[in-house]
Amino acid sequence: MLNQVRYAARALARTPVFTLTAILTIALGIGASTAIFSVMNAVLLRPLPYRDADRLVTVWSDLTARNVNDFPLPPGDFYDLRKQGTLFEETAALVTFRQPLRRGEGEPELVRVAGVTTNLFRTLGVRVPLGRDFVDDDATPQAPPAPGAAAPPAPLPAVAILSHEAWVNRFGSDREIIGRRIDVGGQSAEVVGVLEPGVELLFPPAGGVDRRPEIYTALRIDLENGGRLNVFLRVVSRLKPGVSREQAQAQVNTLVADLRQRFPIKATAGLRMRVESMHQDLSADAKPTITALMGAVMFVLLIACANVANLLLVRASGRERELAVRAALGGRRTDLLRPVLLESLLIAVPGALVGIGLAFAGLKLLVSIGPADLPRLDDVSLDPRVLGFTALATFGAAVLFGLFPAVRASLVDVGDVLRAGGRQPSLAGPRGLAHAVVVGEVALAFVLLVGSGLMARTVLALYRADPGYDPNGILTFQLPDLGNRNDTARAAFIQDLKGRLAALPGVSGVTAVSPLPLDGDESNARYGTTAAAADPSLFQQADLHTILPGYFEVMRTKLLEGRVFTEDDNVPNRRLLVIDRVLARKTFPGQSAVGKQLLMRVAGPEPELWEVIGVVDHQRSTGLGADGREAVYVTDGFFNFGNAARWVVRTGGDPNLLTQPVRSTIKALDPSIAIADMQPMDVFVSQARAPARFALVLIGVFAGIAAVLAAVGLYGVLATLVRQRTAEIGVRMAFGAPRASILKLIVGRGLRLSALGIVIGLAAALGLTRILNSMLVGVGATDPVTFLAIVLLFVAIAALACWIPARRAAGLDPNAALHSE
């Protein structure tokens with residue numbers, strides 16, 4: 001065997017161009033498939049980094065009557081779930097937010113904070129190696145003032161646990177931090193522990209959970225007497241051993257039925273709770289994209305294998321006299337198969353090594369262009385599972401592209417070959433196999449090109465989409481905490497800051513909002529007409545935005561009817577509304593909405609009457625691909641100022657140039673204020689386009705590689721045909737055949753093969769492109785314009801691939817061609 005391996009290696013070394021071409025071709029396929037599988041492994045396959053992660057589930061509430069999904073739970077519902085969910089070993093809840101961390105006299109630093117129930121780390125199976133975990137007493141709510149007491153009791157310090165990374169980066173790995181108090185959000189918190197390294201909260205991006213909190217504080221909420229309307233808790237549970245998700249769901253359904261009976265508003269809202277596998281829940285939104293990319297890259301690998309198989313067929317046709325001699329000397333069929341298969345392995349293994357290098361280099365590019373909401377993308381690596389896939393793909397590719405040429409070589413007719421003297425290779429006769437391979441390449445490449453075309457149309461639609469505002473020239477930043485100011489002081493600070501920012505050179509407008517469109521935050525309110533007072537089923541859910549006057553002017557959102565807010569409207573408890581056109585048409589079809597009244601539950605426990613003063617264009621808040629939910633706007637003053645925490649500064653130039661002047665202005669006004677997320681609004685828009693752009697780039701690259709490989713394969717078959725039929729072409733030309741007929745002969749053969757591949761690819765694409773449905777915007781999976789454009793493009797590619805060998809054939813010298821026989 002070693003002798004045969006050395007012989008195969010020497011045979012490949014004698015044809016360096018062929019060998020290098022084959023290795024690089026297979027390296028492209030192996031490298032691309034390894035890179036995408038590494039993404040699939042990190043996002044879809046790798047277990048979550050928790051103890052017994054397969055028993056972890058998330059619990060979400062949906063309001064089916066109001067088109068609301070993935071809703072958090074209110075404290076009261078969470079208490080009932082934890083109490084009655086007997087199939088759960090543990091049930092924990094959390095909420096994440098940003099707070100300023102103040103240390104000494106320095107500027108405050110904005111940190112990621114998670115408020116959690118005391119059993120969160122026990123639920124996840126996370127260790128606290130330094131200090132201690134939370135205990136139940138850490139969540140004791142603040143006691144109310146005693147009757148007749150002169151003053152409320154002194155506030156109890158919160159209890160906090162640091163992430164390992166925050167302990168290292170912010171506190172210098174100081175072990176004496178345990179027992180000390182830190183100032184978080186203006187409140188004292190006692191540090192009782194430090195987590196093990198690498199702890200993450202792996203919830204779906206739409207859940208709004210910060211992945212890597214730096215400080216965890218014990219939630220001090222009276223859950224048993226908690227409200228039923230203020231929803232903010234994200235829930236994770238651990239199933240008891242042997243309990244299935246379906247069994248837990250059945251028990252939760254019983255709880256929901258009880259809640260709907262006890263609280264009629266939950267019945268009219270269509271409340272349901274879903275128990276989801278935490279792992280599957282995390283990757284559910286990303287699964288269609290990753291699956292489509294994996295399918296696309298496997299097509300590339302198949303096309304690469306087909307190309308190498310064609311190269312080996314041509315090579316085998318040139319070696320058939322050698323194989324015939326071996327057979328004549330008594331060589332068995334396996335003896336004839338083995339050399340070709342060994343050559344296949346000697347091509348595949350170096351190709352895999354080069355492919356791993358390409359994959360390693362490509363991973364950095366994948367991570368850099370990947371969308372921010374693709375979970376665990378930064379965990380992508382070439383781990384043992386990925387390398388195992390590469391080894392399996394390498395062996396499979398070697399068998400795939402080596403088997404058919406090997407079988408053809410083993411079927412050599414000894415007598416015919418020896419009598420032919422090597423002049424007319426018999427392996428050239430069964431050209432059907434090589435043609436079939438090329439047809440398959442064309443079909444696969446066509447499917448990829450159609451997918452790429454559909455994604456290109458999607459990205460174009462996203463760039464052309466009117467979001468209802470102008471994001472260009474806007475600098476945004478967040479002031480999540482205005483310090484210990486009363487209502488009057490907050491109002492004065494906001495007006496002062498707004499005036500100073502507006503006075504900066506180049507600034508044309510200043511406002512604030514919460515949440516800002518596309519920033520990932522969410523706020524909502526229940527609304528209905530006055531008829532909903534008697535029939536609660538008429539209530540709907542809308543996105544709620546708290547704004548400063550001037551918001552629509554600065555965002556350049558069109559006023560369609562009525563008026564927008566003025567400074568006189570920006571006062572506490574004045575119930576005035578601006579609504580968007582989607583809500584206006586839905587609630588008051590064919591009527592003017594201005595002057596109408598809506599029942600809205602915004603702040604209190606019960607809906608109140610609000611007056612509509614204006615209708616504006618719809619702003620796309622959660623994505624650019626669709627309108628999304630209707631929206632209502634209220635003034636920041638209604639909430640006693642400071643709720644509109646995301647500031648917007650418009651300029652006619654580059655918003656990045658305003659970064660330092662804006663920071664200096666804020667610090668001059670109050671150096672204790674922490675500033676967060678200062679960036680142009682274009683960043684949010686780019687993030688909204690990122691998933692489609694990511695899919696387009698990768699599918700487009702794969703489609704381009706596939707098209708080139710298919711064209712090269714077609715060229716190779718036709719070039720081989722010209723070489724094998726040189727004498728025949730010479731005879732035709734000697735008898736007066738015009739060069740045009742020779743061109744027609746060769747080009748016609750190539751175009752017939754391409755047409756057959758296109759027809760097969762067209763049929764396949766009509767079914768396979770439906771996988772892309774969830775990623776497409778503004779175009780259908782069977783869009784005729786895209787299909788026609790790709791057909792024309794591929795015909796042009798095929799024509800070019802056919803023209804080169806046809807031109808060579810038409811340029812042959814008849815005398816030289818006849819002498820070649």
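Worth saying up front: this structure is predicted, and the values here are computed from it rather than measured. The residue numbers shown here count from 1 along each chain, following its written sequence. Given that this is a predicted model, residues contribute local features only at a pLDDT of at least 70 and side-chain atom pairs are listed and counted only at 80 or more, while totals for whole chains, interfaces and linings are drawn from all residues. Side-chain figures throughout are based on the complete set of non-hydrogen atoms in the structure, without hydrogens or water.

## Overview of the packing of helix α15 (residues 487-502) against helix α18 (residues 659-669)
Part 1 of the argument: For every element, the axis is a line fit to its C-alpha atoms; helices are fit only across the contacting stretch, and the angle between N-to-C directions ranges from 0 to 180 degrees. Segments assigned H or I by DSSP are reported as helices when at least four residues long, segments assigned E as strands when at least two residues long, and all are numbered from the N terminus. The geometry of α15 relative to α18 is characterised by a closest axis approach of 10 Å and an angle of 145° between their N-to-C directions. For the crossing formed where α15 meets α18, the hand is right-handed. When α15 is examined against α18, the residues F493, D496, L497, R500 and L501 are found in contact with a partner set consisting of V662, T665, I666, A668 and L669.
Part 2 of the argument: The classification used treats Ala, Val, Leu, Ile, Met, Phe, Trp, Tyr, Cys and Pro as nonpolar, Asp, Glu, Lys and Arg as charged, and all other residues, Gly among them, as polar. Looking at the contact of α15 with α18 residue by residue, the class counts come to 7 nonpolar, 1 polar and 2 charged. In this scheme the handedness of a crossing depends on how the near helix is turned from the far one: anticlockwise by less than a right angle means left-handed, clockwise means right-handed. When checking whether two residues touch, look at their non-hydrogen atoms; a contact exists if any pair is within 4.5 Å.

## Overview of the packing of helix α3 (residues 75-84) against helix α6 (residues 245-262)
Helix-helix packing: each pair is described by the crossing angle between the helix axes and the interaxial distance.
Part 1 of the argument: At a minimum axis distance of 11 Å, the contact between α3 and α6 shows a crossing angle of 140°. The orientation of α3 with respect to α6, classified from their angle, is oblique. At the point where α3 passes α6, the crossing takes the right-handed sense. Together, D77, D80, L81 and Q84 of α3 and Q251, V252, L255, D258, L259 and R262 of α6 make up the contact between the two elements.
Part 2 of the argument: Class assignment for the residues of the contact of α3 with α6 results in 4 nonpolar, 2 polar and 4 charged. For this classification, under 35 degrees means roughly parallel, over 145 means roughly antiparallel, 65 to 115 means roughly perpendicular, and everything else is oblique.

## Some thoughts on a nonpolar patch on the surface
Part 1 of the argument: Together, L20, L24, L28, V354 and L358 make up a nonpolar patch on the protein surface, roughly 410 Å² of accessible area in all.
Part 2 of the argument: When residues of the nonpolar patch are traced back to their parent elements, those giving at least two are α2 (16-45) and α11 (333-369).
Part 3 of the argument: Within the secondary structure, V354 is located in helix α11.
Part 4 of the argument: Relative accessible area decides the class of each residue, using a 1.4 Å probe on protein chains only: under 20% of the type maximum gives buried, over 50% gives exposed, and in between gives partly exposed. According to the relative accessible area criterion, V354 is partly exposed, its value standing at 36%. By definition, no residue in a patch forms a salt bridge, and every one has over 30% relative accessible area; like charges are joined within 9 Å, nonpolar side chains (Val, Leu, Ile, Met, Phe, Trp, Tyr) within 5 Å. For every accessible area listed, the method is Shrake-Rupley and the probe measures 1.4 Å; residues are considered covered only by the protein chains on display. A pairing counts as a salt bridge when a side-chain nitrogen of Lys or Arg comes within 4 Å of a carboxyl oxygen of Asp or Glu.

## Focus on empty space enclosed by the protein
Part 1 of the argument: Definitions used throughout: a 1 Å grid over protein atoms alone; a cavity as a set of points that fits a 1.4 Å probe which cannot get out; a pocket as an open set with protein on both sides within 12 Å along at least five of seven lines; a lining residue as one with an atom within 4 Å of a point. Grid points are joined across faces, edges and corners, and a volume is the space filled by probe spheres set on the points. As enumerated under the stated definition, the model contains 1 cavity of 30 Å³ or more in all.
Part 2 of the argument: Its boundaries defined by the atoms lining it, the largest cavity holds a volume of some 40 Å³.
Part 3 of the argument: As for the largest cavity, its lining consists of L479, L482, I494, G642, A644, A645 and W647.
Part 4 of the argument: Residues of the lining of the largest cavity, tallied by class, amount to 6 nonpolar, 1 polar and no charged.

## Some words on the nonpolar core
Part 1 of the argument: Residue types Ala, Val, Leu, Ile, Met, Phe, Trp, Tyr and Cys, when buried and joined through side-chain atoms within 4.5 Å, form a set referred to as a nonpolar core. If you look at the biggest cluster of nonpolar residues, it comprises 125 residues, and the most contacted ones within it are I347, F401, Y633 and F702.
Part 2 of the argument: For this core, the element with the most residues is helix α19 (residues 681-724), which contributes 21 residues.
Part 3 of the argument: In this view, F401 contacts I26, C305, V308, A309, L312, S344, I347 and A348; residues no more than four positions away in its chain are not counted.
Part 4 of the argument: If you look at the next biggest cluster of nonpolar residues, it comprises 29 residues, including W60, V116, F203 and A218.

## Structural notes on the environment of F477
Part 1 of the argument: Considering the arrangement of structural elements, one finds F477 in strand β12 (residues 474-478).
Part 2 of the argument: As a C-alpha pair, F477 and R663 span 186 residues in sequence and 9.7 Å in three-dimensional space.

## Section: the pattern of salt bridges
Part 1 of the argument: Following the criterion strictly, the structure yields 47 salt bridges and no others.
Part 2 of the argument: The salt bridge involving R262 is made with D80; its shortest N-O contact spans 3.2 Å. One end of the pair, R262, is in helix α6; the other, D80, is in helix α3, with 182 residues separating them in the sequence.
Part 3 of the argument: R500 is paired through a salt bridge with D496; the nearest N and O atoms lie 3.2 Å apart. Taken together, the positions of R500 and D496, both in helix α15 and 4 residues apart, correspond to about one turn of that helix.
Part 4 of the argument: For D496, a relative accessible area of 31% puts it in the partly exposed group.
Part 5 of the argument: Each of the salt bridges in this network shares a partner with another, and the network as a whole consists of R98, R103, E109, R112, R170, D210, E214 and D677.

## As for the packing of aromatic side chains
Part 1 of the argument: Any Phe, Tyr or Trp ring, taking Trp's six-membered ring, that has another such ring centre within 6.5 Å forms a pair; planes under 30 degrees apart are called stacked, those over 60 apart edge-to-face, and the others tilted. Overall, the coordinates contain 11 aromatic pairs when judged by the stated rule.
Part 2 of the argument: On the numbers, 6.0 Å between centres and 15° between planes, the contact of F121 with F134 is stacked. With a gap of 13 residues between them, F121 in helix α4 (residues 120-124) and F134 in the loop between β5 (130-131) and β6 (158-162) connect regions that are remote in the sequence.
Part 3 of the argument: Judged by relative accessible area, which is 2%, F134 ranks as buried.
Part 4 of the argument: Comment: the charge-over-ring label is applied if NZ (Lys) or CZ (Arg) is within 6 Å of the ring centre and within 35 degrees of the ring normal. Over the ring of F171 we find R103, and its NZ or CZ is 5.4 Å from the ring centre.
Part 5 of the argument: Lying across the ring of F493, R485 places its NZ or CZ 4.4 Å from the centre.

## With respect to the pairing of strand β13 (residues 507-514)
Part 1 of the argument: The buried fraction of β13 amounts to 6 of the 8 residues, a majority that puts the element mostly inside the structure.
Part 2 of the argument: Note on pairing: DSSP must find at least two bridges between two strands before they are called paired. Of the pairings in the sheet, the one linking β13 to strand β21 (residues 646-651) comprises 6 bridges and is antiparallel in character. For V510, the partnering residue across the bridge sits in β21 and is V649.
Part 3 of the argument: Relative to strand β15 (residues 540-547), β13 runs antiparallel, the two being bridged by 2 bridges.

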